[in-house]
Amino acid sequence: MLSIGAIQAVKLNASNALPRNECLATALEYYSKSIIGLRDSISRPKKGDDGFQNTVLWTTLFLGLFELINDETGDGWQQHMTHGTAKALEASGPISCQSGPSRKFFIQARIFEVSRIILGNESTFLTKPEWMDLCRRMWTGEHGGEWCPLDSLLDVMVMVSKLRVRAAEFIDTQEERPDEEHTTDACSICSDASTLREALSSWYASYAQPVVNSTIYNTVEETEDTSMLLSRIFFAAISIYLSGIFDYEITYWNRLGLIPPTLDEQTVQTHANTILQLSNLALDTTNLSPLLFLFPLRIAGARSRTQWQRDWVARLVNRIGSGFAVAAAITVELNHVWELFGLQKTPSEPETFQYIHGTPTAPGILDATAEYTQDMSKELFRS
C-alpha cells in the first residue's frame, strides 16, 4: 500500500508530497520489499494461520495494481494477475471462496480477471466447471440480496472468452494441417457462439431494456445504478467481442458453409458509440475504477471508423492514463489498428451532436440509449 501511495503522489503531483524522485524511490523500495515478503511467505507458510491465504491474494492484487499505475506495457500486471492472483485463487479452491474474507476477495478480483482475459484474449480458471458452479451458487441463501445483473453478465463474458481461445486454436490448427477435415469442430464453435449470442439477448431483454420512465430510478440505490451503467458498457463491449471472434476470419467460416452469429456494421457502431458515451458518463459521475473501462474502450476503438470516434476514444484512454500508465499500451495498440483501417466519411458534423454533460452524443446512438443516459445522469446527481 505504501508503494501505491507513493507512486500515486507522483501521478497526482500532490503539493504536500515529497519531491518526485524521493516518491519514486520510496515506491520502488516498498514494491521490492513486498515482492521479497511475498516470496518468503509462500516458501515458509505459517501453520494454522487462517489469514495467510488472504494475505497472499491481496498482496498479489496490490502488486498488480502498482504495475498498472507504473508500467506502461501492462506486462507486469499480466504477470501478477496470471501467475499471482489467478494461480493463488485457483489453488485456494472454490469452496474457500463461498464465504468469509475469501468470498469478498473473489468478488473483487473476478471482474478484473474477466477484464484481463478479454484484453489479452486468454483463457481463465473461471471457465472450469467447479468455478462456474461457485458463481451460480454464491448468490443464494443469505447472499441472495447481493446479486445484481452484472454478475450474470460476467458469467456469459467468461464463456465468450473461452470461445475466443477455442476459435483461435481451431484456426491455427487449420493453418498447420489444412488437408484435415475439421467441419465438426467448426460447427460446434459456431453453435456455441449462437448459444452465447442468445444468452446475451436474453440478459438484455431481462435486465437492460431501455428505461422510458425516469421515475423508476427514484426507487433504485445509487450503487445499483452504477452497477447497471457498467453492465451496459460491458454488454456493448462483449457483444462486439463475440462478433469479432469471426469477423476477421469470416471468409474461412463461410467457405465451410457456416454462418456465425456476427453483427452487422450498424449494430457494431451503435455498440461502439454506446461504450464511448456511457464510459464518459461513468468517468464523470461514478467512483468506478477507470481500469474497468480499458477493455471496452479498446474494443470500441478497434471498431472506430470515423475521426470523431477515434478522437473521443483517445481522450478517454488518455484520461485513464493520467492515473494508470498501462493505458499507454492501449493507445499504442489502437494507433496500430487505426493505421490498418482507413477512415469512413463522417455522417454529420460534430457541431450537430447533442451534448450530455458536455460530451458529444454520437450520431447513430439509439434514442433509448441517450434517454437512459439522461435518466441515469439525473439519478446520479440526485441529492
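In the block above lies the structure referred to throughout.
Everything numeric here is computed off the predicted structure, so don't read it as measured data.

1. Considering the overall build of the protein chain
Looking only at helices and strands, one finds 15 helices and two strands in the protein chain. Summarising the internal contacts of the protein chain: among those between residues at least 6 apart in sequence, 76% fall at separations of at least 24. Accessible surface for the protein chain amounts to roughly 18900 Å². Of this, 53% is attributable to carbon and sulfur atoms.

2. A word on a nonpolar patch on the surface
Nonpolar side chains collect at one region of the surface, where Tyr248, Leu340 and Phe341 lie side by side and expose about 320 Å² of accessible area between them. With respect to the secondary-structure elements, Phe341 resides in the loop between α14 (327-340) and β1 (354-356). Phe341 sits in the partly exposed class, given a relative accessible area of 31%.

3. Some remarks on a negative patch on the surface
Together, Glu169, Asp172, Glu175, Glu176 and Glu249 line one region of the surface with negative charge. As for its position among the elements, Glu176 is in helix α7 (residues 149-176). Judged by its relative accessible area of 61%, Glu176 is exposed.

4. Thoughts on the nonpolar core
Phe106, Ile118, Met157, Phe234, Trp253 and Phe293 are the most contacted members of the largest nonpolar core, which totals 92 residues. The greatest single-element share of this core, amounting to 14 residues, is contributed by helix α9 (residues 222-247). When near neighbours in sequence (up to four residues on either side) are disregarded, Ile118 contacts Met157, Ile238, Tyr241, Phe295 and Ile299.

5. Examining the packing of aromatic side chains
Scanning the entire structure with this criterion turns up eleven aromatic pairs. Consider the rings of Phe246 and Trp253, whose centres lie 5.1 Å apart with planes at 75°: the pair is edge-to-face. When the ring of Tyr252 is compared with that of Trp253, the centres are 5.7 Å apart and the planes differ by 80°; the resulting orientation is edge-to-face. You'll find Tyr252 and Trp253 in the same group, each marked buried. An aromatic cluster is built from Trp147, Trp203, Tyr204, Tyr207 and Phe235, whose rings are joined through pairwise contacts. The ring of Trp139 carries Arg103 above its face, with NZ or CZ at 5.2 Å from the centroid.

6. What to know about the packing of helix α12 (residues 294-302) against α14
Pairs of packed helices are described in terms of their axes, by the angle between the two and the distance that separates them. Following both chains from N to C, one finds α12 and α14 inclined at 15°, their axes separated by 9 Å at the closest point. Relative to α14, the element α12 is oriented roughly parallel. Considering how the two elements wind past one another, α12 and α14 form a crossing that is right-handed. Contact residues: Leu294, Leu297, Arg298, Gly301 and Ala302 in α12; Ala327, Ile330, Glu333, Leu334, Val337 and Trp338 in α14. Broken down by class, the residue content of the contact of α12 with α14 amounts to eight nonpolar, one polar and two charged.

Each value, and the rule that gives it
Residues numbered from 1 in each chain as written. Predicted model: local features only at pLDDT ≥ 70, side-chain atom pairs only at ≥ 80, totals over all residues. Heavy atoms only, no water. Helix = DSSP H or I, 4+ residues; strand = E, 2+ residues; numbered from the N terminus. Contact = heavy atoms within 4.5 Å. Areas by Shrake-Rupley, 256 points an atom, 1.4 Å probe, with all protein chains shown as cover. Patch = residues over 30% accessible without salt bridge, like charges linked within 9 Å, V, L, I, M, F, W, Y side chains within 5 Å. Salt bridge = Lys/Arg side-chain N within 4 Å of Asp/Glu carboxyl O. Buried < 20%, exposed > 50% of the residue type's maximum accessible area, 1.4 Å probe, protein only. Lys, Arg positive; Asp, Glu negative; His and termini not counted. Charge placed at Lys NZ, Arg CZ, Asp CG, Glu CD. Core = buried A, V, L, I, M, F, W, Y, C linked by side-chain atoms within 4.5 Å. Phe/Tyr/Trp six-rings, centres within 6.5 Å; stacked < 30°, edge-to-face > 60°. Lys NZ or Arg CZ within 6 Å of the ring centre and 35° of its normal. Axes fitted to C-alpha atoms, helices over the stretch in contact; angles between N-to-C directions. Parallel < 35°, antiparallel > 145°, perpendicular 65-115°, else oblique. Left-handed = near helix turned anticlockwise from the far one by under 90°. Nonpolar A, V, L, I, M, F, W, Y, C, P; charged D, E, K, R; others polar.

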